[in-house]
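Report on the structure
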Amino acid sequence: MATQRVSSTSLTTVAYGVETDYGVIPAVKGKKLRITGESLAQTIDKSQSEEIEASRQTRGMFLTNASVAGNLDAELSAQEFDTLFEAALLSSWSAFGTNGTSAAADFTVNPVTKKITYAAAPTGANALTQLKPGQFISLGGASTTKKNQKPVRVTAVTATEITYSGAELVAQTGLATISTGVLTNGVARKSLTLEKFFAEKGLYYVYSGMQLNQFTLSVTAREAVKISFEFLGKDAEQKSVASFTTPYTESFDHPIIDSILGMKDVLFNGQPITSMGSAGVKSFELTFSNNMEGQEGIGVLGNVDVMLGDVSCTVSMEIYADDGNFYDAALAQTRFEVAAALYDSNGKGYAFRMPSVEFTSNQPQAASKNQALTFTLEGTALMDPTERQTLFIYRY
């Protein structure tokens, strides 16, 4: 009898494909995903018969549900999660340049005036007029120094000039590029098929009709930035061969984004939190949810479909005690634009901006001695009355 070996989770691969028809596994080459863990599963529910039996025994059980759900957990890196963010926000990335990067053009960066000025106005897909105040962009190209490879926030724009805030850029002249893309909450559903492969056992588990119900972004001091995606699905099956065309397409190879070099601050109305009288942020968590709910039907083991609910977007931060500004703002029902830009060592990554956040009141407490005075600031992102959106994600 052959010795049975213990399999390792380190030899697990997760891949995805975008479905054309809901719940139908697409005939595409699977794309690998970089993850730190997963909990994808089909949960089988059964009920016992309620027949009265004089022997006090139960004659049998029957299937009542087979729910498909689970999370994919990861460390944030540039480009890797573009498709998953689209599925979460139910919309598509805006077009800019070619695949989000403009054609190289001659421009100068003036760190004193905080302006990027072009020698000639870019046109077509590269036109600057596509950019909007509040949008995050990053510089690239042959003339861009390492110090300038980081995101900046657009505050004003004309056909030939961008005024920016945020990162401290240095003077620069010559051919360079701009990278950006915009995603915001919508109603265009996107379903995925997810496939995980346990190499040592040669087993594939395939989950179709997977819709992204929620994602949570977590930034904690001195750690990698973490992201968790929560799915609700339609069907699942175990197979001995891959459902996608193999070999899978490899993941992107961008560096992991961390909270030390990869995030400068949380911005309130475009200004760092220090402008509110706080020394800084210890942790930052953003949760976006579609509040989906699976719908059952006769003759269907699992979900007939998944119903959309209202958008829910919340933010929670542990911050060093401020000068009382947030307490006063909560009582006055003041709304803030809240944004956080995250980037790797090459200046690539994502920024998250909520244009209209209202915070609940909170005050610091001294639970014990010899501790930094902090409190948790919690807020709800609402539909902005001007931009008519709740959340924007930018890629660069």
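It should be emphasised that the depicted structure is a prediction, and the values quoted were computed from it without experimental measurement.

1. Remarks on the overall build of the protein
In terms of helices and strands, the protein carries two helices and 27 strands. Across the 396 residues that make up the protein, the buried fraction comes to 44%. The long-range fraction of contacts in the protein, counting pairs at least 24 apart against all pairs at least 6 apart in sequence, stands at 72%. With the model as given, the accessible surface of the protein reaches about 19,400 Å², and the carbon-plus-sulfur share is 50%. Distance between charge centres in the protein, computed from 31 positive and 40 negative side chains, equals 6 Å.

2. Structural notes on the pattern of salt bridges
Tallying each qualifying case throughout the model produces 15 salt bridges. Of the charged contacts, one joins glutamate 38 and lysine 196 as a salt bridge, the two residues approaching to 3.1 Å between their closest N and O atoms. Here the residue glutamate 38 occupies a position in strand β3 (residues 37-38), and lysine 196 occupies one in strand β13 (residues 192-198), the gap between them amounting to 158 residues. We classify glutamate 38 as partly exposed; its relative accessible area is 25%. For glutamate 223, the salt bridge identified is with lysine 226, shortest N-O distance 3.2 Å. Each of Arg153, Glu337, Arg353 and Glu387 takes part in one network of salt bridges that share partners.

3. Overview of unusual backbone geometry
Residue proline 247 is reached from threonine 246 by a cis peptide bond, and omega for that bond is 0°. Looking at the element boundaries, proline 247 is found in strand β17 (residues 245-249). Backbone geometry places arginine 56, a non-glycine residue, at a positive phi of 70°. Inspection of the secondary structure puts arginine 56 in the loop between β4 (41-48) and β5 (61-75).

4. With respect to the sheet that holds strand β11 (residues 172-179)
Sheet architecture is closed into a barrel: six strands sit in the order β6-β7-β10-β9-β8-β11, paired in antiparallel fashion. Neighbour-to-neighbour, the strand axes of the sheet open up by a mean angle of 50°, direction not taken into account.

5. A closer look at the packing of aromatic side chains
Pairs of aromatic rings are described using the distance from one ring centre to the other and the angle between the two planes. All chains considered together, the criterion is met by 20 aromatic pairs. Arranged with centres 5.3 Å apart and planes meeting at 75°, the rings of phenylalanine 85 and phenylalanine 215 form a pair that is edge-to-face. With phenylalanine 85 in helix α1 (residues 82-89) and phenylalanine 215 in strand β14 (residues 203-220), the pair connects residues that are 130 residues apart, well separated along the chain. According to the relative accessible area criterion, phenylalanine 85 is buried, its value standing at 0%. For phenylalanine 215, a relative accessible area of 0% puts it in the buried group.

6. Comments concerning the environment of leucine 377
Considering the arrangement of structural elements, one finds leucine 377 in strand β26 (residues 374-381). What makes leucine 377 buried here is its relative accessible area of 1%. Each C-alpha atom of the pair leucine 377 and glutamine 363 lies 8.7 Å from the other, and the pair is 14 residues apart in sequence. In this structure leucine 377 touches Phe268, Val315, Ser316, Met317, Ile319, Phe326, Phe359 and Thr360, once residues within four positions along its chain are discounted.

Definitions and cut-offs
- Numbering of residues begins from 1 in every chain and follows the order in which that chain's sequence is written.
- The predicted origin of the model limits local features to residues at a pLDDT of at least 70 and limits the giving and counting of side-chain atom pairs to 80 or more, whereas totals for whole chains, interfaces and linings rest on all residues.
- Side-chain numbers come from the whole structure's heavy atoms, not from hydrogens or water.
- Under the DSSP-based scheme used, a helix requires at least four consecutive residues in state H or I and a strand at least two consecutive residues in state E, with every element numbered from the N terminus.
- Accessibility here uses a 1.4 Å probe with only protein chains present; expressed as a share of the type maximum, an area under 20% marks a residue as buried, one over 50% as exposed, and anything in between as partly exposed.
- By definition, residues are in contact when any of their heavy atoms lie within 4.5 Å.
- For every accessible area listed, the method is Shrake-Rupley and the probe measures 1.4 Å; residues are considered covered only by the protein chains on display.
- Positive residues here are Lys and Arg, negative ones are Asp and Glu, while His and the chain termini are left out of the count.
- To locate a charge, take NZ of a lysine, CZ of an arginine, CG of an aspartate or CD of a glutamate.
- The salt bridge definition used is simple: a Lys or Arg side-chain nitrogen within 4 Å of an Asp or Glu carboxyl oxygen.
- Two strands are counted as paired when DSSP detects at least two bridges linking them.
- Lines fitted to the C-alpha atoms define the axes, with helices restricted to the stretch that makes contact. Angles between their N-to-C directions range from 0 to 180 degrees.
- Ring pairs are drawn from Phe, Tyr and Trp, using the six-membered ring of Trp, whenever the two centres fall within 6.5 Å, and their geometry is named by plane angle: stacked under 30 degrees, edge-to-face over 60, tilted for the rest.

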